[in-house]
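# Architecture at a glance
Chain by chain, the residues:
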Amino acid sequence: MDLKSELLKSIWYAFTSLEVEQCGKVSKSQLKVLSHNLYTALNIPHDPVALEEHFKDNNNGPVSSQGYMPYLNQYIVAKATEGTFNKEIFDELCWTMTSKKNCKPSSYQGLCSQRDCFKLFCLFNLLSEDRYPLVIIQPELEYLLKKILCAMNQEWDGTLLDDLLSQNAALQDGMSIWEFLEHLSAGRLLHVENKEAFSLAVDDVFMEMYHNIIKKGYLLKKGHVRRNWQERWFVLKPGSLTYYVSEDLKEKKGEIPLEEGSVVENLPDKEGRRCLFCVKTALRTYEMSASNLKQRVDWMQAIQTVFRLRAERKSSLHYDLKLNRRKQRETFQRSQSNQSSNNEPIADEKQHSAPEHQVDTESLDQHIESIIQKQREVEAKRKEEEKHEREQLQAVQNDLRKQLEEANEAREQMAVTLTEMEKEVQQQKKKISELELTQKKLEEALDTQIHARMEEDKVRHELERQLAEEQKKLAELLLLQGQMVTPAVRIQEEVPPQDSASTLIPPTNQKPVESSRCDAGVKGNEGVEQALPTHDPPTTFSPTQPNNQPAEESSQQSTEDLGTQSTATLMLKQWKIQLNRLMKPITPGDKVEHLPVKPTCPRQGQALTSTEFITKVQTGITQEKGNSYNPSQLQEEEG
């Protein structure tokens, strides 16, 4: 169908909706408004003066369709270009104008909604006859109803249509759009239980026939740059194969031009993909994968149909099918007219040419029979295809139902698994918290142990420092004692034995030193005591000794030296006691403040433990602090 015929059908409805009292004429003011709306809908520059110039010779009365048609063809239809406007918007404008006047409210209250009525209006214009007023004949009406039922997966039952036509003989010559919508909405043409399913079916048929969508569906397409496979929604039209992200057609990803020289071919399975085919164009090759073999065959046949339409210079598949159906009807009517004309007997011809007439009748009958047989074969084949298609659809529905059940079971199993995993996660979290608490306690115990070890090392270093200091002091004392022994020996050698008048040193001065040494238990330092000189009892000096004055001086000096020696001996005793305590081995022990303090050493003559050693050292340090060296006290003890 050319663009001009399609536009004139819709404009005819708009023009008749403006008629004044059904006289077939419209006022010029209304025609100006209609023309302005048509200019806008067809995206044509508006010329407001053209209408006045066209009707300047007429009076101010209304204009008939015959008078408006030349202006319409010259200034509107002739300037319309396909692809520069949206035809659906244009048809919706005409539908809005005519439906307000002609469509009954009952048409919207039954099976059809207002949007469904508009879509059926467009389909009606596509299948209507090319004569005015526009009507649709029975074969085309039956074809449209079958398409709707096929989209709903239902079988065609023509009893309702036959009953309606038998009851109303006027409808056998054709049915107008308003009669069609009224009977369809009232349920006199189709038996439909689900209104939503009917709306979806009408939408599918509308997209297929009105928008020239030959086939649509999901396919896997291989990318041109990234070379990965992505699922896309493909829409096949007579001029192109367009693909989108999803079936809502909101995001267009690309378009494959189906030009002359383009081919479609099968591809072997590769990269883990099956049912592959490709479309080769002049610029590149597009690789696609169908879900199964049937889908691949259907897509390839549909693309081949597009190539055939393009080679035949046709723009619409359904318009081509409509022309084929019309040719078949004309051929059948012509054959019937020929048969009726040949059946009129002429008595003279029967008498003179009975054999020839019989032969012509037999040949005509054979021709008619062959046509009828072909028609039956075509009808049987069509029914078989429809049955096969219904079986396939039923199988697909069963598969989808089975997949849905499996998906539900998998979802339930997944929910159970997730519940178990959540319980396990809670248990693991509880164990982790317990382990963290244990780790914290262990870290605290380790910190306590490290602190105790550090304090122990600190005490040990302090004791080592004190021992080093005592050893140094002992060495200095021994050196001092050695220096003091030499003058004492020298003094004893200088005093003569007969000098008895000198002052005597009582022997009791050495006993406290010896007893104190024994009581202190200095057993490891006998070598040091042996190194000290022992003095014999001093001799008395005779009062009759000559040189009495020097002797007294010598005795006084000897007494002072012995006093100094006694003081040094007492100091040496204290240093040896401390040295004996510090020479014990040091072993690791616990923290000092946590150990019980024992007043006495539990072991005699053996190595001490760290606890015992620290206790003894503390006791010794306390005693040393209380018994610090005081020369005056030592002199008092000696006295």
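Look above for the structure.
All residue numbers here refer to positions counted from 1 along the written sequence of the relevant chain. With the structure being a predicted model, the display of local features is reserved for residues of pLDDT at least 70 and the display and counting of side-chain atom pairs for 80 or more, all residues being used for whole-chain, interface and lining totals. Heavy atoms from the whole structure form the basis of all side-chain values; hydrogens and water molecules are not counted.

## As for the overall build of the protein
Operational definition: Strands are runs of DSSP state E lasting at least two residues, helices are runs of H or I lasting at least four, and both sets are numbered from the N terminus onward. Note on exposure labels: buried denotes an accessible area under 20% of the residue type's maximum, exposed denotes more than 50%, and partly exposed covers the range between, all computed with a 1.4 Å probe on protein chains only. The contact definition used throughout considers only heavy atoms, calling two residues in contact when any of these lie within 4.5 Å. Reported accessibility uses the Shrake-Rupley method at a 1.4 Å probe radius. Residues are deemed covered only where the shown protein chains occlude them.
Scanning the protein from N- to C-terminus turns up 20 helices and 9 strands. Counting over 639 residues, the protein shows a buried share of 33%. Counted over contacts in the protein with a minimum sequence separation of 6, partners at least 24 positions apart contribute 64%. In the form shown here, the protein has an accessible surface area of approximately 40,400 Å², with 51% of it arising from carbon and sulfur atoms.

## Comments concerning the sheet that holds strand 7 (residues 263-267)
Strands belonging to one sheet form pairs held by backbone hydrogen bonds; the direction of such a pair is parallel or antiparallel. As a reminder, the rule being used: Two strands pair under a simple rule: DSSP has to find at least two bridges between them. Lines fitted to C-alpha atoms define the axes here, with helix axes fitted over just the stretch in contact, and angles between the N-to-C directions of these axes take values from 0 to 180 degrees.
Reading across the sheet, the 7 strands line up as 6-5-4-3-9-8-7 and stay open at both edges, with antiparallel pairing between neighbours. Looking at which strands have only one partner, the edges of the open sheet turn out to be strand 6 (252-257) and strand 7. Strand-to-strand twist across the sheet, computed as the mean angle between neighbouring axes with direction ignored, equals 35 degrees. Pairing of strand 5 (residues 240-244) with strand 6 involves 5 bridges; the strand directions are antiparallel. Directly across from Ser240, in strand 6, lies its bridge partner Pro257. Helix-sheet contacts for helix 12 (residues 293-311) involve strand 3 (215-222), strand 4 (229-236), strand 5, strand 7 and strand 8 (276-280), and the interaxial angle to strand 7 is about 165 degrees.

## Quick look at the environment of Ala80
Within the secondary structure, Ala80 is located in the loop between helix 4 (65-75) and helix 5 (87-102). In this structure the C-alpha to C-alpha distance between Ala80 and Lys4, which are 76 residues apart in sequence, comes to 8.5 Å.

## Considerations on helix 8 (residues 138-151)
Side chains of residues three or four places apart in an α-helix project in the same direction, reflecting 3.6 residues per turn. Short version of the rule: Each residue after the first adds 1.5 Å to the expected span of a helix.
For helix 8, which comprises 14 residues, the first-to-last C-alpha distance of 20 Å matches the rise-based estimate of 20 Å (1.5 Å per residue) to within 8%. Every buried residue of helix 8 is listed here: Glu140, Leu141, Tyr143, Leu144, Leu145, Lys146, Ile148 and Leu149.

## So, the packing of aromatic side chains
Under the convention used in this document: Any Phe, Tyr or Trp ring, taking Trp's six-membered ring, that has another such ring centre within 6.5 Å forms a pair; planes under 30 degrees apart are called stacked, those over 60 apart edge-to-face, and the others tilted.
Here the structure, examined in full by the defined rule, presents 13 aromatic pairs. Measuring from ring centre to ring centre gives 5.0 Å for Trp12 and Tyr13, while their planes differ by 75 degrees; the resulting arrangement is edge-to-face. Note on Trp12: relative accessible area 25%, which makes it partly exposed. Seen from their ring centres, Trp12 and Tyr132 are 5.5 Å apart, and the 45 degrees between their planes marks the pair as tilted.

## Notes on helix 5
In plain terms, the rule: By the criterion applied in these results, polar contacts are pairs of N or O atoms within 3.5 Å in which, for protein atoms, one can donate a hydrogen and the other can accept it, and in which residues neighboring in sequence qualify only through two side-chain atoms.
Helix length check: helix 5, at 16 residues, gives a terminal C-alpha distance of 22 Å against a target of 22 Å (1.5 Å per residue), a fit within 8%. Packed against the buried residues of helix 5 are helix 1 (3-16), helix 2 (28-41), helix 6 (106-109), helix 7 (114-127), helix 10 (177-185) and helix 11 (195-209). If you check the start of helix 5, you find a side-chain oxygen 3.1 Å away from the backbone N of Glu88, and it comes from Asn86.

## Observations regarding a nonpolar patch on the surface
Rule in force here: A patch consists of residues exposed above 30% relative accessible area that lack any salt bridge, with like charges linked at up to 9 Å and nonpolar side chains (Val, Leu, Ile, Met, Phe, Trp, Tyr) linked at up to 5 Å. Any carboxyl oxygen of Asp or Glu within 4 Å of a side-chain nitrogen of Lys or Arg constitutes a salt bridge here.
The grouping of Met414, Leu418 and Met421 at the surface amounts to a nonpolar patch, some 300 Å² of accessible area in total. By the secondary structure assignment, Met414 is in helix 15 (residues 354-494). For Met414, a relative accessible area of 48% puts it in the partly exposed group.

## Some thoughts on the packing of helix 2 against helix 5
Keep this limit in mind: By definition in this entry, angles of less than 35 degrees are roughly parallel, angles greater than 145 are roughly antiparallel, angles of 65 to 115 are roughly perpendicular, and the rest are oblique. By definition, turning the near helix anticlockwise from the far helix through less than a right angle yields a left-handed crossing, and turning it clockwise yields a right-handed one. Side-chain classes are defined by residue name, with Ala, Val, Leu, Ile, Met, Phe, Trp, Tyr, Cys and Pro counting as nonpolar, Asp, Glu, Lys and Arg as charged, and the others, Gly among them, as polar.
One can describe the packing of helix 2 onto helix 5 by two numbers: an axis separation of 9 Å at closest approach and a directional angle of 155 degrees. Compared by their axis directions, helix 2 and helix 5 come out roughly antiparallel. Remark: the crossing between helix 2 and helix 5 carries right-handed chirality. Contact residues: helix 2 offers Leu34, Asn37, Leu38 and Ala41, while helix 5 offers Phe90, Leu93 and Met97. Here the contact of helix 2 with helix 5 is composed, by residue class, of 6 nonpolar, 1 polar and no charged.

## Here's the deal with the nonpolar core
Under the convention used in this document: Take the buried Ala, Val, Leu, Ile, Met, Phe, Trp, Tyr and Cys residues and link them wherever side-chain atoms come within 4.5 Å; each set so joined is a nonpolar core.
One finds Leu120, Ile148, Phe180, Leu184 and Phe198 to be the most contacted residues of the largest nonpolar core, which totals 48 residues. At 9 residues, the largest contribution of residues to this core is made by helix 7. With 28 residues, the next largest nonpolar core counts Leu7, Ala50, Tyr71 and Tyr75 among its residues.

## Regarding a negative patch on the surface
Note the cut-off: Neither His nor the chain ends contribute to the count of charged residues, in which Lys and Arg are positive and Asp and Glu negative. Every charge is mapped to an atom, namely NZ of Lys, CZ of Arg, CG of Asp or CD of Glu.
A grouping of Glu405, Glu406, Glu409 and Glu412 is seen on the molecular surface, where their side chains present a negatively charged patch. The exposure class of Glu412 is exposed, given its relative accessible area of 56%.

## Here we look at the pairing of strand 8
For a regular strand, side-chain orientation follows a simple rule: the groups alternate between the two sheet faces. With 4 of its 5 residues buried, strand 8 lies for the most part within the structure. In the sheet, strand 7 pairs with strand 8 via 5 bridges, with the strands oriented antiparallel. Within strand 8, the residue paired with Val263 across the bridge is Lys280.

## A look at the environment of Arg188
Inspection of the secondary structure assignment puts Arg188 in the loop between helix 10 and helix 11. A residue is classified by how much of its surface remains accessible, and Arg188, at 38% relative accessible area, is partly exposed. Remark: the alpha-carbon pair of Arg188 and Asp163, spanning 25 residues in sequence, is separated by 8.8 Å. For Arg188, the residues in contact, after removing those within four places along its chain, are Leu160, Leu161, Leu164, Glu182 and His183.

## Looking at the pairing of strand 3
Of the strand pairs in this sheet, strand 3 and strand 4 are connected by 8 bridges, and their pairing is antiparallel. From the neighbouring strand, Lys221 faces strand 4, where its bridge partner is Gln230. Counting the residues in the hairpin turn of strand 3 and strand 4 gives 6 residues, including Arg227, whose phi is positive at 60 degrees. Pairing geometry for strand 3 and strand 9 (residues 285-289), over 2 bridges, is antiparallel. Residue pairing for strand 9: Leu220 is matched across the bridge by Ser289.

## Describing the pattern of salt bridges
Evaluated as defined, the whole model comprises 18 salt bridges. With a closest N to O distance of 3.9 Å, Lys87 and Glu6 form a salt bridge. Placement of the pair is Lys87 in helix 5 and Glu6 in helix 1, with a sequence separation of 81 residues. For the salt bridge of Arg115 with Glu92, the shortest nitrogen-to-oxygen distance reads 3.6 Å. Placement of the pair is Arg115 in helix 7 and Glu92 in helix 5, with a sequence separation of 23 residues. A relative accessible area of 36% places Arg115 in the partly exposed class.

## Points about unusual backbone geometry
The linkage connecting Tyr132 with the following residue, Pro133, adopts the cis geometry, with an omega of -5 degrees. Topologically, Pro133 is positioned in the loop between helix 7 and helix 8. A positive phi angle is found at Leu249, which is not glycine, with a value near 60 degrees. Relative to the assigned elements, Leu249 resides in the loop between strand 5 and strand 6. One non-glycine residue, Glu271, adopts positive backbone phi at about 55 degrees.

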